[in-house]
Amino acid sequence: MEKERITGAEALMRSLEHQGVKTLFGYPGGSIMPTFDALYGHRDKLNHILVRHEQGAAHAAQGFARVSGEVGVCLVTSGPGATNTITGVADAMIDSTPIVVIAGQVATSFLGTDAFQEVDLVGVTQPISKWSYQIRRAEDVAWAVARAFYIAKSGRPGPVVLDFTKNAQIEMVDYEPVNLDFIRSYDPIPDTDRVQLQQAADLINAAERPFVLVGQGVELGNAQEELRAFLEKADIPCGRTLLGLSAIPTSHPLNKGMLGMHGNLGPNVKTNECDVLIAVGMRFDDRVTGKVDTYAKQAKIIHMDIDPSEIDKNVKVDVAVLGDCKETLADLIRLVRPNKHTDWIASFDEYAETEFEHVIAKEIFPKAGPLNMGEVVRVVSEASNNEAILVTDVGQNQMMAARYFNYTKNRSIVTSGGLGTMGFGVPAAIGATFGCPDRTVCAFMGDGGLQMNLQELGTIMEQQAPVKMILLNNNYLGNVRQWQAMFFGRRYSFTPMVNPDYMKIAEAYGIPSRRVINREDLQEAVHEMLNTEGPFLLEACVIEEGNVLPMTPPGGTVNEMLLEC
């Protein structure tokens, strides 16, 4: 059969379709124009979402990937178009999100001449991506795309960057699709050491106070059922990281809450009381460990992860179980004995009661005063039957949303965990509506984060993306203000915000909106938002100097959380 001769740009389109891509996010420009011209002929198969800023394209691709389990794709031009995606690439790298960024580049003959809109994108992105490659010839397009998608989604997922020179876009090539499931010297799933696996099982079987830390790796590996079966057979309580919150339902009796600086009191305290600590698909981030020198020193530590570089990186472990956690958890289930840790599990209750009395009840059931962030979150969660996808921006809105939203389904939280990117929320929520169009997407944000990518309201307007935006407006850069209050003598250096009229902004974009100030109007306003077809902006005017508690002070020990400030 004779191969068809086509342009490199057309080869890219066909290669994307061959990878199963149906949705991509992007913004055209000079150096990528031949590719956008080719895209014009593929509009029936490739749904291109025109964002208003290239950073929005990267974050939308992240949101799409996180909820769908597929690779998110964005298509941008060279120079500033490409560099605008770099925050999204870095964010995807640290949060293990599979995206492929395809950027235009000047023609090969102009490389290194400081040509118009030329940037060494490969050099810039190599440290913050799984793979970065420059396509200089049309004949390399199909191979590069196949390799990019394989690397992005295999093993520990992450971002890949393809720098697509203009000459490669217009050159002719005999196209043939490429399938790839192996790269020499790249081992995405390491072999599991059966001796280490048995040692882990022996420690768990002998443990009196075992505790499991659940990370996003459980979601990425689709190991939610295996996790639950393991916890229930061995009767082990668990805490979840920020990105692992929806790996097990909030209401599960073995779920004891969120780990970390603003997590729940019980899981943090008990980390330093357990005798065996089992970390599954998490990287011992500093926001989880607090002061490493005092972290779980009494415990034998088992670390189950797909990435060998994470072993002993932050916390020294006793047993390392490498491999895909869907498989290693299944293996562990066969090796552990049915057990009961009734007294140990019950010991979490006093901390839950203390936290409820001193923090939670005041936050979600206030008797008077302005609206609290936590109560708004809980009302939205309950009104959505606890089945919505939670997307957050970064700051107090993120921590409050994570703490007080309830999770009943997998892949239900999309947030910038490792990089902490303000401006993430709106574009990521747009991507989530395309990744899971059958689910409600509720995006919480602060007044600071919303304004960082406010232009993406234009994308919502054009696409009628049904994002339910909840603005927790406290007229501050709230998280920084809280730290200034607690650690800098209440010197509020450039954290008060002078805000625009968000209702008028929403009106300008044709987005229905409502502002709620009084508590008695909250339920009705949330009901209106959730029952309005398409997008909606709900501005909740919340207490200006509210604080996220409990809190482990920076550099503090996890079992010494502050309940007030």
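Procedures and definitions
Residues numbered from 1 in each chain as written. Predicted model: local features only at pLDDT ≥ 70, side-chain atom pairs only at ≥ 80, totals over all residues. Heavy atoms only, no water. Helix = DSSP H or I, 4+ residues; strand = E, 2+ residues; numbered from the N terminus. Rg over C-alpha atoms; globule rule 2.2 N^0.38 Å. Buried < 20%, exposed > 50% of the residue type's maximum accessible area, 1.4 Å probe, protein only. Areas by Shrake-Rupley, 256 points an atom, 1.4 Å probe, with all protein chains shown as cover. Pairing = 2+ DSSP bridges. Axes fitted to C-alpha atoms, helices over the stretch in contact; angles between N-to-C directions. Contact = heavy atoms within 4.5 Å. Polar contact = N/O pair within 3.5 Å; in protein donor to acceptor, adjacent residues only side chain to side chain. Arc of directions from axis to C-beta. Phe/Tyr/Trp six-rings, centres within 6.5 Å; stacked < 30°, edge-to-face > 60°. Lys NZ or Arg CZ within 6 Å of the ring centre and 35° of its normal. pLDDT = per-residue confidence, 0-100. Right-handed = clockwise from strand over helix to strand, strands pointing away. Salt bridge = Lys/Arg side-chain N within 4 Å of Asp/Glu carboxyl O. Core = buried A, V, L, I, M, F, W, Y, C linked by side-chain atoms within 4.5 Å.

Describing the overall build of the protein
Alright, step 1. Per the secondary structure count, the protein includes 24 helices and 20 strands.
Alright, step 2. Whereas a compact globule of 565 residues would reach a radius of gyration of roughly 24 Å, the protein reaches 24 Å, a difference of no more than 12%.
Alright, step 3. In terms of its C-alpha atoms, the protein occupies a principal-axis envelope of roughly 70 × 60 × 40 Å.
Alright, step 4. Within the protein, buried positions represent 60% of all 565 residues.
Alright, step 5. Approximately 22,300 Å² of the protein is accessible, and the part contributed by carbon and sulfur atoms is 50%.

Considerations on the sheet that holds strand S9 (residues 210–214)
Alright, step 1. Taken in spatial order, the 6 strands of this open sheet run S11-S10-S9-S12-S13-S14, and their pairing is parallel. Every other strand in the sheet has two partners, leaving strand S11 (255–258) and strand S14 (319–322) as the edge strands with one partner each. Here the strands of the sheet are splayed against their neighbours by 20° on average, with no regard to which way each runs.
Alright, step 2. As paired elements, strand S13 (residues 300–305) and S14 share 4 bridges and run parallel to each other.

Let's talk about the environment of Thr 408
Alright, step 1. With respect to the element layout, Thr 408 can be found in the loop between helix H18 (396–404) and strand S16 (413–414).
Alright, step 2. A relative accessible area of 40% places Thr 408 in the partly exposed class.
Alright, step 3. Sequence separation between Thr 408 and Ala 247 is 161 residues, and the spatial gap between their C-alpha atoms is 9.1 Å.
Alright, step 4. Discounting chain neighbours no more than four positions away, the residues touching Thr 408 are Pro 249, Asn 386 and Glu 387.
Alright, step 5. Within the local environment of Thr 408, its side chain forms a polar contact with the backbone oxygen of Asn 386, the two atoms lying 2.7 Å apart.

Describing helix H24 (residues 522–531)
Alright, step 1. Of all the positions in H24, only Leu 522, Ala 525, Val 526 and Met 529 are classed as buried. In a view along the axis of H24, the buried residues occupy a sector of 95°, so they form one face of it. Those residues of H24 that are exposed and angled more than 90 degrees off the buried face are Gln 523, His 527 and Asn 531.
Alright, step 2. As for H24, its buried residues are in contact with helix H17 (373–383), strand S18 (467–473), strand S19 (513–516) and strand S20 (536–541).

A few points about the packing of aromatic side chains
Alright, step 1. Taken as a whole, this structure holds 13 aromatic pairs when the rule is applied.
Alright, step 2. On the numbers, 6.1 Å between centres and 75° between planes, the contact of Phe 25 with Phe 434 is edge-to-face. Of the two residues, Phe 25 is situated in strand S2 (residues 23–26) and Phe 434 in helix H19 (residues 425–435); the sequence distance between them amounts to 409 residues.
Alright, step 3. We classify Phe 25 as buried; its relative accessible area is 0%.
Alright, step 4. Aromatic side chains Phe 405 and Phe 444 sit 6.2 Å apart centroid to centroid with 75° between the ring planes, which places their arrangement in the edge-to-face category. Of this pair, Phe 405 sits in the loop between H18 and S16 while Phe 444 sits in strand S17 (residues 441–446), and the two are 39 residues apart along the sequence. There is no split in this pair, since Phe 405 and Phe 444 are both buried.
Alright, step 5. Of the aromatic side chains, those joined through ring pairs into one cluster are Phe 25, Phe 64 and Phe 434.
Alright, step 6. Taking the ring centre of Phe 348 as reference, the NZ or CZ of Lys 270 above it sits at 5.8 Å.

Some thoughts on the confidence of the model for the protein
Alright, step 1. Across the protein, pLDDT averages 97, with 100% of residues at or above 70.
Alright, step 2. The lowest-confidence element of the protein is strand S1 (residues 4–7), averaging 94 in pLDDT; the highest-confidence one is strand S5 (residues 99–105), averaging 99.

Comments concerning the pairing of S2
Where a strand is regular, its side chains alternate between the two sheet faces.
Alright, step 1. Here S2 shows a buried face lined by Thr 23 and Phe 25 and a second buried face lined by Leu 24 and Gly 26.
Alright, step 2. In the sheet, S2 pairs with strand S3 (residues 47–50) via 4 bridges, with the strands oriented parallel. What sits directly across from Thr 23, in S3, is Asn 47.
Alright, step 3. Taken together, S2, helix H2 (residues 33–40) and S3 constitute a β-α-β crossover, and its handedness is right-handed.

What to know about the pattern of salt bridges
Opposite charge on two side chains permits pairing when their charged atoms draw close.
Alright, step 1. Counted according to the given criterion, the structure contains 22 salt bridges.
Alright, step 2. Here Glu 462 makes a salt bridge to Arg 52, at a shortest N to O gap of 2.8 Å. Linking Glu 462 in helix H21 (residues 457–463) with Arg 52 in the loop between S3 and helix H3 (54–68), this pair joins segments that are 410 residues apart in sequence.
Alright, step 3. Overall, the relative accessible area of 45% leaves Glu 462 in the partly exposed class.
Alright, step 4. What makes Arg 52 partly exposed here is its relative accessible area of 26%.
Alright, step 5. Among the ionic pairs, Arg 515 bridges to Glu 539, the shortest N-O distance being 3.0 Å. Taken together, the residues span a long stretch of sequence, with Arg 515 in strand S19 and Glu 539 in strand S20 at a distance of 24 residues.
Alright, step 6. Residue Arg 515 is classed as partly exposed on the basis of its relative accessible area of 35%.
Alright, step 7. Overall, Glu 539 belongs to the buried group, its relative accessible area being 3%.
Alright, step 8. By sharing partners, the salt bridges in this structure join Arg 156, Asp 307, Glu 310 and Lys 313 into a single network.

Digging into the sheet that holds strand S15 (residues 389–392)
Alright, step 1. Spatially, S16-S15-S17-S18-S20-S19 is the arrangement adopted by the 6 strands of the open sheet, whose pairing is parallel. The strands lining the two open edges of the sheet, one partner per strand, are S16 and S19.
Alright, step 2. Note that S15 and S17 share 4 bridges and pair parallel. Note on S17: the bridge partner recorded for Val 391 is Ala 443.

Considerations on H18
Alright, step 1. A large share of H18 lies buried, amounting to 9 of its 9 residues.
Alright, step 2. Buried residues of H18: Gln 396, Asn 397, Gln 398, Met 399, Met 400, Ala 401, Ala 402, Arg 403 and Tyr 404, and no others.

Points about the nonpolar core
Alright, step 1. Grouped together as the largest cluster of nonpolar side chains are 40 residues, with contacts concentrated most on Val 376, Val 380, Phe 405, Phe 444, Ile 470 and Leu 472.
Alright, step 2. Where this core is concerned, the elements lending two or more residues are helix H16 (349–364), H17, H18, S17, S18, H24 and S20.
Alright, step 3. If sequence neighbours within four positions are ignored, Phe 444 has contacts with Val 377, Val 380, Leu 390, Val 391, Thr 392, Asp 393, Asn 397, Ala 401, Phe 405, Ile 470 and Leu 472.
Alright, step 4. Formed by 37 residues, the second largest nonpolar core is a distinct cluster that contains Leu 24, Ile 135, Phe 164 and Ile 183.

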